[in-house]
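Fold and geometry: a report
So the chains spell out like this:
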Amino acid sequence: MENLRPNSANPKADLIYRRKKNAEEMRYQVVSFALMIFLTLIAFAAVHFDGFSHWFVAPFIMLLAVVQVIFQLYYFMHMSHKGHETPQLFLFSGLAVALITVLTFVTITWI
Amino acid sequence: MSTYAHKKSFGATVWDYLTTVDHKKIGILYLIAGGFFFLVGGLEALFIRVQLAVPNNDFVSAGLYNEILTMHGTTMIFLAAMPLIFAFMNAAIPLQIGARDVAFPFLNSLGFWLFFFGGVFLNCSWFLGGAPDAGWTSYASLTLESDTHGVDFYILGLQISGIGTLIGGINFLVTIVNMRAPGMTYMRMPLFTWSAFVTSALILFAFPALTVGLFLLMFDRLFGGNFFDVSAGGNTIIWEHLFWIFGHPEVYILILPAFGIFSEIFATFSRKRLFGYSSMVFATVLIGFLGFMVWAHHMFTVGMGPIANAIFAVATMAIAVPTGIKIFNWLFTMWGGNIKFTTPMLYAIAFIPSFVAGGVTGIMNAVAAADYQYHDSYFVVAHFHYVIVGGVVLALLAGTHYYWPKMFGTLLNEALGKITFWLFLIGFHLTFFIQHFLGLMGMPRRVFTYLPNQGWETGNLISSIGAFFMGVAVIILLINIVMTQVKNVRVGNDPWEDGRSLEWAIPSPPPFYNFKQLPLVRGLDPYWIEKMEGKKEMTPAEPLGDIHMPNPSFLPVTISFGLFVAAFGAMYHVDDKNWALPVLIIGMGITLISMLIRSVKDDHGFHIHKEDLENEDDKGGRA
């Protein structure tokens, strides 16, 4: 009978599980990589196409950039995995502070 | 293996400290360097008070007064208070969390040397054509108009030492997240560790704003930029925003570790668990967070409009809530405690009313409409000296007495310590209390002299007399230090007898690997728990094994020295001096080559073998 327990001392014990996990991980990476290329193409197309006003294009590209950052963090830098809670806390609290500061500048403090 | 038995030559000791990556020795380096700059800044403060003691005084000229005033503020904040905070963080944090060193010992050393060379560079300005004279805030309109190289020394010196601080902050974040001993959960960390953790996060988020601001100012001054030059389409207000986005968190970077040190002292000498531990942690984090939402209260009179002023006024007042939580928790810690009036405890008790006074005037300043009256008057000077001296400096003096045995293995003389305390406390209130009223009577800050018959003479004279009380107090502290070290009476693990956290479970000073076996932490105040169960030492959490230690390195000194040299080149380049560019290139070369050596040379550290640890007598460094 095959031993599938991950805490076994035998390094080959959970080989099947790890192989499956790695294949799954690779699939996510390839899919998100393809999506990122696609999003970049859309961004270029949006600028190239004359029909859109720049009031639409600029925020649209920024939105695409945000999506790309999320892909980058979660799929390429493995923030979706367990054990990344502290980096997430710091990342998001830093982001919150920075966004509130920017929001303050564009709404009330600029003279 | 008797590490202390043989005497090392003086040269060997110096080399040891130049190359050390041990957090305890780096803490001592921070203490010495920060203490030196504290004396320099204190001397500048005395010059200010001598000049202002009587009306129409001509002790110093107007220009020199501006330089002294600028350097007093800059030195005290960046070169004295921050390094001294880092001194105690280095000395205590790894011990408190049960770690053998910080996460990145090499970077720890690099952080110190960057700060040191930045500070030396800034102070070189005294001998090279004049110190900065645009105030410690160095507002861009003044900076861009300054004729001497003084403000360039400020920009480049703070840039270099700022990198050091940023490195130090990140190092402590990683250390506290990753290197806690088994059982040391976040909610079992001593409050000094908690405050150091939040402070490091504030450094991480606040210092980039200063770095950006200094870079923009550097481009304007040295490379023909126009970020702040209004006549060329720039905006001088941007500097104020960038400076205070950094500057307000900066004052919390200073005060939070002070709160931490006092929390340790209150619990230790009341011989009671800290009252409301979890609310203390909550308040610390909340103060850290709110610290980023209030920077514009330094700029109420700039003309941002009523909406911005109102929002920032309310946000500022909100900070009084977590601070109040802390004050009440300290009072309740003492309530019913078995209080021992040691020197650190005297400082802690005196801190409460002093700091509350500073907090109350802070709320007064936060009322935007009233601030139009207080702004740029001595009232503001009195306010921030009450929070910085009444909070941070009292904590640093208390910490010096409290942690001295753990850092040096000797106990400072209590009698002299109490004399220092009383002289300093009386001098402090004498100097700054009267300044509230001078401010309300209309005396503006940053003036080099004033005319007689405005009702300011008595107040200024009293203030100057108080400053000399503080000066005498510091001299007595120095005498105390020298006497104690000459007598060299060694103390045991727990010289205060009521130590609660892990650092008091190991020898003073600890062996260079801190813990022979990592301790098992069974709750808040782990050493106290063991003592209450009749044990003399911590329960080990691991079997005795080889200990991995980092190698010492001289590279942090050369990396920092290279930037020091390069800064001279960058600064004199604008004068078309033909040696400036080569100096800049040589300096950057020293830094980059040192970094390259660090990158390509494998340095795996060394192991202390199990057998050597077993042979050592059992007094040393058991869990």
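A quick note: this is a predicted structure, and the numbers were derived from the prediction, not measured.

Points about the pattern of salt bridges
Residues and elements named next belong to chain B. Scanning all chains against the criterion turns up 15 salt bridges over all chains. Here Asp498 makes a salt bridge to Lys340, at a shortest N to O gap of 2.9 Å. With a gap of 158 residues between them, Asp498 in the loop between α16 (457–487) and α17 (526–532) and Lys340 in the loop between α11 (320–334) and α12 (343–366) connect regions that are remote in the sequence. A salt bridge links Arg522 to Glu533, with the shortest nitrogen-to-oxygen separation between them at 2.7 Å. A residue pair is termed long-range when its members are at least 10 positions apart, and Arg522 in the loop between α16 and α17 and Glu533 in the loop between α17 and β1 (547–549) qualify at 11 residues. According to the relative accessible area criterion, Glu533 is partly exposed, its value standing at 47%.

Considerations on the environment of Val294 of chain B
Residues and elements named next belong to chain B. Counting through the fold element by element, Val294 comes out in the loop between α9 (277–290) and α10 (306–318). Classification of Val294 as buried rests on a relative accessible area of 0%. When the C-alpha positions of Val294 and Met218 are compared, they lie 26 Å apart, and in sequence the two are 76 residues distant. Ignoring anything within four residues of it in the chain, the contact list for Val294 reads His248, Phe312, Ala315, Thr316 and Ile319.

Here we look at the side chain of Arg49 of chain B
Residues and elements named next belong to chain B. Locating Arg49 in the fold gives a position in helix α2 (residues 23–52). The charged side chain of Arg49 is buried without a salt bridge, its nearest counter-charge being Glu457 at 12 Å. Those residues in contact with Arg49, other than ones at most four positions away along the chain, are Tyr378, Gln435, Asn460, Ser463, Ser464 and Ala467.

Regarding the domain arrangement of chain A
Residue and element names in this part refer to chain A. For chain A, the assigned domains are domain 1 (1–80) and domain 2 (82–111). Between domain 1 and domain 2 lies a buried interface of about 410 Å² when both sides are counted; carbon and sulfur atoms form 63% of it. The interface formed by domain 1 and domain 2 includes zero salt bridges. At the junction of domain 1 with domain 2, the criterion picks out zero residue pairs in polar contact (both at pLDDT 80 or more). The residue inventory of the side of domain 1 that touches domain 2, partitioned by class, reads four nonpolar, two polar and no charged.

Section: the UniProt feature "transmembrane region" (unreviewed entry) in chain A
Residues and elements named next belong to chain A. As annotated in UniProt, the feature "transmembrane region" (unreviewed entry) corresponds to residues 28–49, 55–77 and 89–110 in the numbering used here. Helix makes up 95% of residues 28–49 and strand 0%. Its end C-alpha atoms lie 31 Å apart. Annotation note: span residues 89–110, helix share 95%, strand share 0%, distance between end C-alpha atoms 30 Å.

A look at the interface of chain B and chain A
Listed per partner, the contact involves 22 residues of chain B and 13 residues of chain A. For the pair chain B and chain A, the two sides together bury roughly 1,400 Å², of which 85% comes from carbon and sulfur. For the chain B face of the interface with chain A, the top three residues by lost area are Phe205, His241 and Trp295 of chain B, together amounting to 27%. Inspection of the chain B/chain A interface yields zero residue pairs in polar contact (both at pLDDT 80 or more). Residues of the side of chain B that touches chain A, tallied by class, amount to 19 nonpolar, three polar and no charged.

Considering unusual backbone geometry
Residues and elements named next belong to chain B. Across the junction of Ser508 and Pro509, the peptide omega takes the value -15°, indicating a cis bond. Mapped onto the secondary structure, Pro509 falls in the loop between α16 and α17. A positive phi angle is found at Ser138, which is not glycine, with a value near 50°. Tracing the chain through its elements places Ser138 in the loop between α4 (105–124) and α5 (140–145). For Ser138, a relative accessible area of 1% translates into the label buried. The phi angle at Asn488 is positive, at roughly 55°, despite the residue not being glycine.

Focus on a nonpolar patch on the surface
Residues and elements named next belong to chain B. Together, Val54, Trp422, Ile426, Leu430, Leu461, Ile462 and Ile465 give the surface a local cluster of nonpolar side chains, amounting to about 570 Å² of exposed area. At the level of elements, α15 (414–440) and α16 are the ones that each hand at least two residues to the nonpolar patch. Within the secondary structure, Ile462 is located in helix α16. Assessed through its relative accessible area of 31%, Ile462 is described here as partly exposed.

What about helix α1 (residues 15–48) of chain A?
Residues and elements named next belong to chain A. End to end, α1 covers 49 Å across 34 residues, agreeing with the expected 50 Å (1.5 Å per residue, within 8%). Residues of α1 that are buried include every one of Gln29, Ser32, Met36, Leu39, Ala43 and Ala46, and no others. Buried-residue contacts for α1 involve α2 (54–76).

Comments concerning the UniProt feature "domain: Cytochrome oxidase subunit I profile" (unreviewed entry) in chain B
When the UniProt feature table is mapped to this numbering, "domain: Cytochrome oxidase subunit I profile" (unreviewed entry) covers residues 9–522 of chain B. Measuring from the first to the last C-alpha atom of residues 9–522 of chain B gives 43 Å, for a span that is 70% helix and 0% strand.

Digging into the packing of aromatic side chains
Residue and element names in this part refer to chain B. Under the definition given, this model contains 71 aromatic pairs over all chains. Between Phe88 and Tyr403, the ring centres sit 6.2 Å apart and the planes meet at 35°, which makes this aromatic pair tilted. One end of the pair, Phe88, is in helix α3 (residues 62–96); the other, Tyr403, is in helix α14 (residues 378–408), with 315 residues separating them in the sequence. Like Tyr403, Phe88 is buried. Ring centres of Tyr186 and Phe197 lie 6.0 Å apart, and the angle between their planes is 35°; on these two criteria the pair is classed as tilted. With Tyr186 in the loop between α6 (150–178) and α7 (191–222) and Phe197 in helix α7, this pair connects stretches of sequence that are 11 residues apart. A relative accessible area of 27% places Tyr186 in the partly exposed class. With relative accessibility at 8%, the residue Phe197 sits in the buried group. Above the ring of Tyr186, the side-chain terminus of Arg180 is found at 3.9 Å from the ring centroid. The positively charged end of Arg500 is found above the aromatic ring belonging to Trp528, 4.4 Å away from the centroid.

Calculation criteria
- Residues numbered from 1 in each chain as written.
- Chains lettered and ligands numbered in written order.
- Predicted model: local features only at pLDDT ≥ 70, side-chain atom pairs only at ≥ 80, totals over all residues.
- Heavy atoms only, no water.
- Salt bridge = Lys/Arg side-chain N within 4 Å of Asp/Glu carboxyl O.
- Helix = DSSP H or I, 4+ residues; strand = E, 2+ residues; numbered from the N terminus.
- Buried < 20%, exposed > 50% of the residue type's maximum accessible area, 1.4 Å probe, protein only.
- Contact = heavy atoms within 4.5 Å.
- Lys, Arg positive; Asp, Glu negative; His and termini not counted.
- Domains from an automatic or database assignment.
- Buried area = accessible area lost by both parts, 1.4 Å probe.
- Polar contact = N/O pair within 3.5 Å; in protein donor to acceptor, adjacent residues only side chain to side chain.
- Nonpolar A, V, L, I, M, F, W, Y, C, P; charged D, E, K, R; others polar.
- UniProt positions renumbered as here; feature names shortened; annotations may be inferred.
- Patch = residues over 30% accessible without salt bridge, like charges linked within 9 Å, V, L, I, M, F, W, Y side chains within 5 Å.
- Areas by Shrake-Rupley, 256 points an atom, 1.4 Å probe, with all protein chains shown as cover.
- Expected span 1.5 Å × (residues − 1).
- Phe/Tyr/Trp six-rings, centres within 6.5 Å; stacked < 30°, edge-to-face > 60°.
- Lys NZ or Arg CZ within 6 Å of the ring centre and 35° of its normal.

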